[in-house]
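# Observations on the three-dimensional arrangement
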Amino acid sequence: MAKGLLIDMDGVVYGGDTLIPGADEFIGRLLKQDVPFMFMTNNSQRTRLEAVRKLKKLGIVVDTKHIYTSAMATGKFLASQIPNGSAYVLGEGGLLTSLHENGITLVETDPDFVVLGEGRNFTLEMVQRAVDMILAGAKFITTNRDPSPKKSGWANLGIAATTAMIEEASGIKAFVIGKPGPVMMRSARKALGLETADTTVIGDTMDTDIQGGVQMGYKTILTLSGITRKEDLIKFAFKPDMVVTSVSEIKLPLPWWE
């Protein structure tokens, strides 16, 4: 029975545009040992090919089959709810591509769904139009609810902030697809062809990657190379199965694979 990994990207294999030391060697070992894995990212802007190109610049050479995004999970979910449905989209790149690939028509009026993803190319006028569509009955979907890093000079409000604005204006709560939500956590596992008991999540955030893995019954590995510090663990009612400074410390096979 195959055993494999769902791996977060930012904070695990790179930080911004900088490779986390040893991450390239770890991925190299996975490829050499033919361990099934996918990079699982909440970012809905990038296409799979764009994600592959970014990794290649950092010295990690993988195929598009190794990438799974919240945009992909969103497209699959919408197609399962209303096959050949329609959507008004506030988003870019990878999200538009995924919806098209799943048979969802992009429209400007009377959509089945209003879909929110990351982006900077939509205006307040477009947001108001989205609110009116939701009030008229369109289902409100957001690809993820990642917060803004709240850093000076950050060029994006953050999707959590935009989601909250539309929720307040419409009085309707968004249905969230991405991590830690079960839709994406389950969809990524199925795309990798794994059973629940054979899936391990590697991530740097307790309230997305690790929480999502725990809720789904996956094994979890927390890396301290991103935003979580060891002293933060006491704040949570759940814990990862393993804590490492970085993925370079992970030895294969994992203890629960033996």
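Coordinates for the structure precede this section.
Residues numbered from 1 in each chain as written. Predicted model: local features only at pLDDT ≥ 70, side-chain atom pairs only at ≥ 80, totals over all residues. Heavy atoms only, no water.

Looking only at helices and strands, one finds eight helices and 13 strands in the protein. A compact globule built from 258 residues would reach a C-alpha radius of gyration of about 18 Å, and the protein, at 18 Å, matches this within 12%. Principal axes of the C-alpha set define a box for the protein whose edges measure 55 × 40 × 35 Å. Classification of the 258 residues of the protein by burial places 51% in the buried group. (Helix = DSSP H or I, 4+ residues; strand = E, 2+ residues; numbered from the N terminus. Rg over C-alpha atoms; globule rule 2.2 N^0.38 Å. Buried < 20%, exposed > 50% of the residue type's maximum accessible area, 1.4 Å probe, protein only.)

Another aspect to go through is the sheet that holds strand β4 (residues 37-41). Spatial ordering of the open sheet is given by β5-β4-β1-β11-β12-β13, a layout of six strands whose pairing is parallel. Two strands lie at the open edges of the sheet, namely β5 (67-69) and β13 (242-244), each paired on one side alone. Sheet twist, expressed as the mean angle between neighbouring strand axes with direction ignored, is 25°. Pairing of strand β12 (residues 219-223) with β13, which is carried by three bridges, proceeds in the parallel orientation. Across the sheet, the residue bridging to threonine 223 is valine 244, located in β13. On the sheet, helix α1 (residues 23-32) packs against β1 (4-7), β4 and β11 (199-203) and is oriented at approximately 145° with respect to β1. (Pairing = 2+ DSSP bridges. Axes fitted to C-alpha atoms, helices over the stretch in contact; angles between N-to-C directions. Contact = heavy atoms within 4.5 Å.)

Moving on, we come to the side chain of serine 246. Within the secondary structure, serine 246 is located in the segment after β13. Serine 246 sits in the buried class, given a relative accessible area of 9%. Among the polar contacts made by the side chain of serine 246, one reaches the side chain of serine 248 at a distance of 2.6 Å. Apart from the residues lying within four places of it in its own chain, the contact partners of serine 246 are Ile20, Pro21, Thr223 and Ser225. (Polar contact = N/O pair within 3.5 Å; in protein donor to acceptor, adjacent residues only side chain to side chain.)

Close contact between helix α7 (residues 182-192) and helix α8 (residues 206-216) brings their axes to 10 Å; oriented N to C, the two are set at 75°. With respect to each other, α7 and α8 are oriented roughly perpendicular. Taking contact as the criterion, the partners of Pro182, Met185 and Arg186 in α7 are, on α8, Asp209, Gly212, Gly213 and Met216. (Parallel < 35°, antiparallel > 145°, perpendicular 65-115°, else oblique.)

The tally for this structure, following the rule as stated, stands at ten salt bridges. Measuring nitrogen to oxygen at the nearest pair gives 3.0 Å for the salt bridge that ties aspartate 198 to lysine 3. On the criterion of sequence distance, the pair formed by aspartate 198 in the loop between α7 and β11 and lysine 3 in the segment before β1 is long-range, its members being 195 residues apart. Residue lysine 3 is classed as partly exposed on the basis of its relative accessible area of 27%. Note that aspartate 232 is salt-bridged to lysine 235, the shortest N-O span being 3.4 Å. Residue class for aspartate 232 comes out buried when judged on its relative accessible area of 17%. According to the relative accessible area criterion, lysine 235 is exposed, its value standing at 63%. Three or more residues are tied together by salt bridges with common partners; here these are Asp8, Lys179 and Asp209. (Salt bridge = Lys/Arg side-chain N within 4 Å of Asp/Glu carboxyl O.)

Our next topic: the side chain of serine 86. Considering the arrangement of structural elements, one finds serine 86 in strand β6 (residues 86-90). Owing to a relative accessible area of 11%, serine 86 belongs among the buried residues under this scheme. In contact with serine 86, other than residues within four places in its own chain, are Ile104, Thr105, Val107, Asp110, Pro111, Asp112 and Phe113.

Counting through the fold element by element, isoleucine 221 comes out in strand β12. Using a relative accessible area of 0% as the deciding quantity, one classes isoleucine 221 as buried. Other than its neighbours up to four places away in sequence, isoleucine 221 contacts Thr200, Val201, Ile202, Gly203, Ile210, Met242, Val244, Ile250, Leu254 and Trp256.

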